[in-house]
Amino acid sequence: MTQSLLLKAYERRFPTCPLIPMFVASDTVNEYKSEDEAIHVIERRCKLDIDAPRLLKKIAGVDYVYFIQKNSLNRRERTLHIEAYNETFSNRVIINEHCSYTVHPDNEDWTCFEQSASLDIKSFFGFESTVEKIAMKQYTSNIKKGKEIIEYYLKQLEEEGITFVPRWTPPVACKSESGTSHPRRPVSPAINIPDCATKEGLSNKEILNTTSSPSEPTAGTPDDKLDADYIKRYLGDLTPMQESCLIRLRQWLQETHKGKIPKDEHILRFLRARDFNIDKAREILCQSLTWRKQHQVDYILDTWNPPQVLQDYYAGGWHHHDKDGRPLYVLRLGQMDTKGLVRALGEEALLRYVLSINEEGLRRCEENTKVFGRPISSWTCLVDLEGLNMRHLWRPGVKALLRIIEVVEANYPETLGRLLILRAPRVFPVLWTLVSPFIDDNTRKKFLIYAGNDYQGPGGLLDYIDKEIIPDFLGGECMCEVPEGGLVPKSLYRTAEELENEDIKLWTETIYQSASVFKGAPHEVLIQIVDASSVITWDFDVCKGDIVFNIFHSKRAPQPPKKDSLGAHSITSPGGNNVQLIDKVWQLGCDYSMVESPLICKEGESVQGSHVTRWPGFYILQWKFHSMPACATTNLPRVDDVLASLQVSSHKCKVMYYTEVIGSEDFRGSMTSLESSHSGFSQLSAATTSSSQSHSSSMISR
């Protein structure tokens, strides 16, 4: 098609585009045309309804996102350059996108399209990784729709009888290039593609041509071609284009990468994960290689020994192979104490263990490739969810799981061949809703989910695994050596300070905060609520002493917190903070009110709970020193009271806590669901209170 026709079709995208529902509106904010109409520059302010979670929109305080798009059309040079950048949150997130339409140098009937984008997230309310995923998802979907949209408007023009638009020619009144020049506004420069990238087919170039594509990558030289037997034996069926991409990316690594070059199978995984787009595959592969070197992942199987608590309580392990020869990993997630593992190990050790599992999976794939005589590049994972309930939706644990998924998705693409989820209970959709947005679309297609005993029927487990190796706990006859999991003893729990002293760090931030609670100096946390019926959630452990947990509400904000303000004690609190917010002159019932009955928590207890707010304003979570009262029926102190007083003789308690605020419509762990977790892990507090408008639920694990 001619470029003039294509550009006419492009202009029809404005002010709205039915093929892009998120593109709500656009307004022209600036426009320039040269006298001879060769140059046309137009800036538009575009209104987008981003497909983001309601929770994120509420936190950000916006419903729509605005972008500025600048189109620079040069009819003389036959180019259209498009620049776009975000106006909304420009001080937190910087997004730049560049596109260009140019005439192909060898054929004037071909139009070349090039596109690139950059994303720099400085800060976004603690949701940086979520925003990055949303931005990447939106950008990817826009790229896929680009050609579809142009073809839609071309067809529209054809229906109107417009099949040809003549090239621009200078008006008769205008002088030639060598004569008097007209004032021109600078046009956005074209995106420069390095010569080496162009030669090797590494650009993002797409030729919009209805017959053939002149930019189809050609295979390498005969010396570079892979041996056909080697491909069939170790890599699988590759088209000439895919083989060429593999050769080029491997050659680039040999020329530029310092250190160990990954095997062809590993390079191929990254190419497949990006649909053989060399630019994108090279970028994520280089990031992964840097990450592996930084954390010595190549040596993890030889140098790292999993802690004993993992060997005893992590209910997962390798178990033979499936019918396709893929290594089979069995995970009894419903039997695992996720909170206990995180609290005893920290996220660092848990992630390192998951990485060691993936490294072992790569090694087993190589072994099975040799055994079965055909390429096996991925494994099958069987997840048994029997026993899964709301305790597994412990929010710090879910956050740890999401971060582990991010690391695995980035560094082990295309390694999961199939995921069989068995005995999914009714609570599973809640967990799936939280986790699925962080899983790549290609990976999600490999999930097979069975509820109850459905896996025993047609299309079930026997279609993928030989009867002889079905584990005994699933009704088979094969003994499975996977640990049964169970409760992690609280004696193995470690404090945030102990976990901070780990030698190897893969993450920098921690989930919990530590606080010291003194007699006469409670620790308080301020939470501002904008929308009533939001949900305040908490999870804390009483590490030392006994405390009273309170929730208060105030219409006005307290004064700035006084850190380590310990009154007459004048003691600093090493390893923990102490913040007091409620002014001593405030009167209960006048300046602030108690919204729930006090909850007394003993040393060693873990407490989880939530509160649905009735009003906007300021809520204060308070952990207060608990003095043991003397026995009411006698003047003699009880033995328990004496022991308690000895334990807290320093008048100091310590808690580790985690809090989060969730919009009510996004809170799927409802009060009813929380109460359903009455199990060996936890029991409902006798002090739990409820009302028609405000509902708090706390669980205490003894």
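- The chain has the name SEC14-like protein 1 in an unreviewed UniProt entry, where Amazona collaria is given as its organism.
- The chain has a UniProt comment under Subunit (unreviewed entry) that states "Interacts with RIGI (via tandem CARD domain); the interaction is direct. Interacts (via GOLD domain) with SLC18A3; the interaction is direct. Interacts with SLC5A7 (via GOLD domain); the interaction is direct."

**Focus on unusual backbone geometry**
Logical step 1: You will see that histidine 320, though not glycine, has its phi angle at about 55 degrees, which is positive.
Logical step 2: Of the residues examined, histidine 320 reaches a relative accessible area of 46% and is grouped as partly exposed.
Logical step 3: Located in the positive-phi region is glutamate 414, a residue other than glycine, with phi close to 55 degrees.
Logical step 4: Structurally, the position occupied by glutamate 414 is in the loop between α12 (395-411) and β11 (416-424).

**Looking at the pattern of salt bridges**
Logical step 1: Scanning all chains against the criterion turns up 21 salt bridges.
Logical step 2: With its nearest N and O atoms 3.6 Å apart, the salt bridge here joins arginine 326 to aspartate 322.
Logical step 3: Its relative accessible area of 17% is what places arginine 326 among the buried residues.
Logical step 4: The class for aspartate 322 is buried, based on a relative accessible area of 1%.
Logical step 5: Look at the salt bridges and you will find they share partners, linking Asp322, Asp324, Arg326 and Arg418 into a network.

**Here we look at the confidence of the model for the chain**
Logical step 1: Within the chain, residue pLDDT values average 75, and 72% of them lie at 70 or more.
Logical step 2: Below pLDDT 50 for its whole length, residues 503-509 participates in 20 contacts with residues either more than four positions away or in separate chains.
Logical step 3: In the model, residues 644-649 has pLDDT below 50 throughout and makes six contacts with residues more than four positions away in sequence or in other chains.

**A short note on the sheet that holds β11**
Logical step 1: Strand order in the open sheet formed by five strands is β8-β9-β10-β11-β12, with mixed pairing between adjacent strands. The two strands at the open ends of the sheet, each matched to only one other strand, are β8 (316-321) and β12 (447-451). Each adjacent strand pair in this sheet contributes to an overall mean axis angle of 20 degrees, direction not counted.
Logical step 2: Where strand β10 (residues 379-384) and β11 come together, six bridges link them in parallel fashion. In the strand pairing of β11, tryptophan 379 is matched with leucine 416.
Logical step 3: Lying over the sheet, helix α11 (residues 338-372) contacts β8, β9 (327-331) and β10, oriented at roughly 10 degrees with respect to β8.

**Section: the packing of aromatic side chains**
Logical step 1: Scanning the entire structure with this criterion turns up 14 aromatic pairs.
Logical step 2: Pairing tryptophan 586 with tyrosine 592 gives two aromatic rings, centres 5.9 Å apart and planes at 35 degrees, and the pair type is tilted.
Logical step 3: Relative accessible area serves as the criterion here: at 13%, tyrosine 592 is assigned to the buried category.
Logical step 4: One aromatic cluster in this structure is built from Trp538, Phe540, Phe549, Trp623 and Tyr657.
Logical step 5: One Lys or Arg, arginine 282, reaches over the ring of tryptophan 252 and ends 4.9 Å from the middle of that ring.
Logical step 6: Of note, arginine 332 hangs over the ring of phenylalanine 473, and the distance from its end group to the ring centre comes to 3.9 Å.

**So, the layout of surface pockets**
Logical step 1: In this structure, the second largest pocket encloses a volume near 780 Å³.
Logical step 2: Lining the second largest pocket are 31 residues, and of these Lys260, Pro262, Arg292, Asp298 and Glu359 sit closest to its centre.
Logical step 3: Within the residue set of the lining of the second largest pocket, elements represented by two or more residues are α7 (264-273), α8 (278-294), α9 (300-303) and α11.
Logical step 4: A per-element tally of the lining of the second largest pocket places α11 first, with six residues.
Logical step 5: When the residues that make up the lining of the second largest pocket are grouped by side-chain class, the tally is twelve nonpolar, seven polar and twelve charged.

**Some words on the packing of helix α6 (residues 240-256) against α7**
Logical step 1: Direction vectors running N to C along α6 and α7 enclose 115 degrees, while the axes themselves pass 10 Å from each other. When the axis of α6 is compared with that of α7, the two are roughly perpendicular. Where α6 crosses over α7, the two elements pack in a sense that is right-handed. Two secondary-structure elements touch here, α6 through Cys245, Leu246, Leu249, Arg250 and Leu253 and α7 through Asp264, Ile267, Leu268 and Leu271.
Logical step 2: Here the residues of the contact of α6 with α7 are counted per class, giving seven nonpolar, no polar and two charged.

**Description of the nonpolar core**
Logical step 1: Counting 53 residues, the largest nonpolar core has Leu310, Tyr314, Leu341, Leu350 and Leu385 as the members making the most contacts within it.
Logical step 2: Elements supplying a minimum of two residues to this core: α10 (308-313), β9, α11, β10, α12, β11 and α13 (428-435).
Logical step 3: If you tally residues by element for this core, the top one is α11, at 13 residues.
Logical step 4: If near-sequence neighbours (up to four positions away) are discounted, leucine 341 is found in contact with Val309, Leu310, Tyr313, Tyr314, Met336, Gly346, Leu350 and Val488.
Logical step 5: The next biggest cluster of nonpolar side chains, apart from the first, holds 29 residues, and it includes Phe14, Cys17, Leu73 and Val165.

Analysis parameters
- Residue indices begin from 1 for each chain and proceed along its sequence in written order.
- Only residues with pLDDT of at least 70 are given local features in this predicted model, and only at 80 or more are side-chain atom pairs given and counted; all residues enter the totals for whole chains, interfaces and linings.
- Excluded from the side-chain calculations are hydrogens and water; all other atoms, namely the structure's heavy atoms, are used.
- UniProt positions are given in the numbering used here, feature names are shortened, and annotations may be inferred rather than shown by experiment.
- Between buried and exposed lies partly exposed: a residue is buried under 20% and exposed over 50% of the maximum accessible area for its type, with that area taken using a 1.4 Å probe on protein chains only.
- Here a strand is any run of E in DSSP of at least two residues, a helix any run of H or I of at least four, and the numbering for each starts at the N terminus.
- When a carboxyl oxygen of Asp or Glu is within 4 Å of a side-chain nitrogen of Lys or Arg, the pair counts as a salt bridge.
- The pLDDT value tells you how sure the predictor is about a given residue, anywhere from 0 up to 100.
- Two residues qualify as a contact provided that any one of their heavy atoms is within 4.5 Å of a heavy atom in the partner residue.
- Two strands pair under a simple rule: DSSP has to find at least two bridges between them.
- Convention adopted: a line fitted to C-alpha atoms gives each axis, helices being fitted over their contacting stretch, and angles between N-to-C directions are expressed from 0 to 180 degrees.
- Put simply, two rings from Phe, Tyr or Trp (the six-membered ring, in Trp's case) pair if the centres are within 6.5 Å, and we call them stacked under 30 degrees between planes, edge-to-face over 60, tilted for the rest.
- Our definition puts a charge over a ring when NZ of Lys or CZ of Arg is within 6 Å of the ring centre and also within 35 degrees of the ring normal.
- Here a cavity denotes grid points, spaced 1 Å and computed from the protein atoms alone, that fit a 1.4 Å probe unable to get out, and a pocket denotes an open set having protein on both sides within 12 Å along at least 5 of 7 lines; residues with an atom within 4 Å of a point are the lining.
- Grid points are joined across faces, edges and corners, and a volume is the space filled by probe spheres set on the points.
- Nonpolar residues are Ala, Val, Leu, Ile, Met, Phe, Trp, Tyr, Cys and Pro. Charged residues are Asp, Glu, Lys and Arg, and all others, Gly as well, are polar.
- The labels follow the angle: roughly parallel below 35 degrees, roughly antiparallel above 145, roughly perpendicular from 65 to 115, and oblique for the rest.
- Crossing handedness is defined as follows: a turn of the near helix away from the far one that is anticlockwise and smaller than a right angle gives a left-handed crossing, while the clockwise case is right-handed.
- As used here, the term nonpolar core means buried Ala, Val, Leu, Ile, Met, Phe, Trp, Tyr and Cys residues forming a set that is joined through side-chain atoms within 4.5 Å.

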